[in-house]
Amino acid sequence: MAQASSSFSIVLLFLALVLVVEVSARSANGELYKPAGAEGSVPIEQCPDKCGYRCSATSHRKPCLFFCNYCCQKCLCVPSGTYGNKEECPCYDNLKTKEGGPKCP
């Protein structure tokens, strides 16, 4: 009986820990916290601003903005900086053209 009680205590401790992590991972408005740059961290209405910065250093601004906004709306993520850092957004990085090249700038 002592072993069953010990197992039950461990399960309760685990559930309490999960609850604490869940509560601390929520923002003030009750939504789950996602770190900046993480997939799903960009609200869809912020995609144009994020993509404006992402495409600010390219000479092909119009197609960059088109594809960046497409990718942002699909993945809700835009990598930081004006180039590279795609590992921050696997969904963004994994979208490919029909030829197999990267779709997202």
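As a reminder, the structure under discussion sits directly above these lines.
The rules behind each value
Residues numbered from 1 in each chain as written. Predicted model: local features only at pLDDT ≥ 70, side-chain atom pairs only at ≥ 80, totals over all residues. Heavy atoms only, no water. Helix = DSSP H or I, 4+ residues; strand = E, 2+ residues; numbered from the N terminus. Buried < 20%, exposed > 50% of the residue type's maximum accessible area, 1.4 Å probe, protein only. Lys, Arg positive; Asp, Glu negative; His and termini not counted. Salt bridge = Lys/Arg side-chain N within 4 Å of Asp/Glu carboxyl O. Polar contact = N/O pair within 3.5 Å; in protein donor to acceptor, adjacent residues only side chain to side chain. Contact = heavy atoms within 4.5 Å. Disulfide = S-S within 2.5 Å.

Caption draft 1: Inspection of the side chain of K86 at higher detail. Tracing the chain through its elements places K86 in the loop between helix 3 (61-75) and helix 4 (90-94). No salt bridge is formed by the buried K86, whose closest oppositely charged neighbour, D93, lies at an N-O distance of 4.7 Å. A polar contact is formed between the side chain of K86 and the backbone oxygen of C104, at a distance of 2.6 Å. For K86, the contacting residues outside a window of four places in its chain are R54, P79, Y92, D93, P102, C104 and P105.

Caption draft 2: Representation of the state of the cysteines. Applying the stated criterion to the full structure yields six disulfides. Covalent S-S linkage joins C47 and C72, the inter-sulfur distance amounting to 2.0 Å. Torsion about the S-S bond of the C47 and C72 cystine: about -75°, corresponding to left-handed handedness. Of this pair, C47 sits in helix 2 (residues 47-54) while C72 sits in helix 3; the two residues are 25 residues apart in sequence, bridging distant segments of the chain. By relative accessible area, which is 0% here, C72 ends up buried. The disulfide partner of C71 is C104, and the gap between their sulfur atoms is 1.8 Å. As the torsion about the S-S bond is roughly -90°, the C71-C104 disulfide counts as left-handed. One end of the pair, C71, is in helix 3; the other, C104, is in the segment after helix 4, with 33 residues separating them in the sequence.

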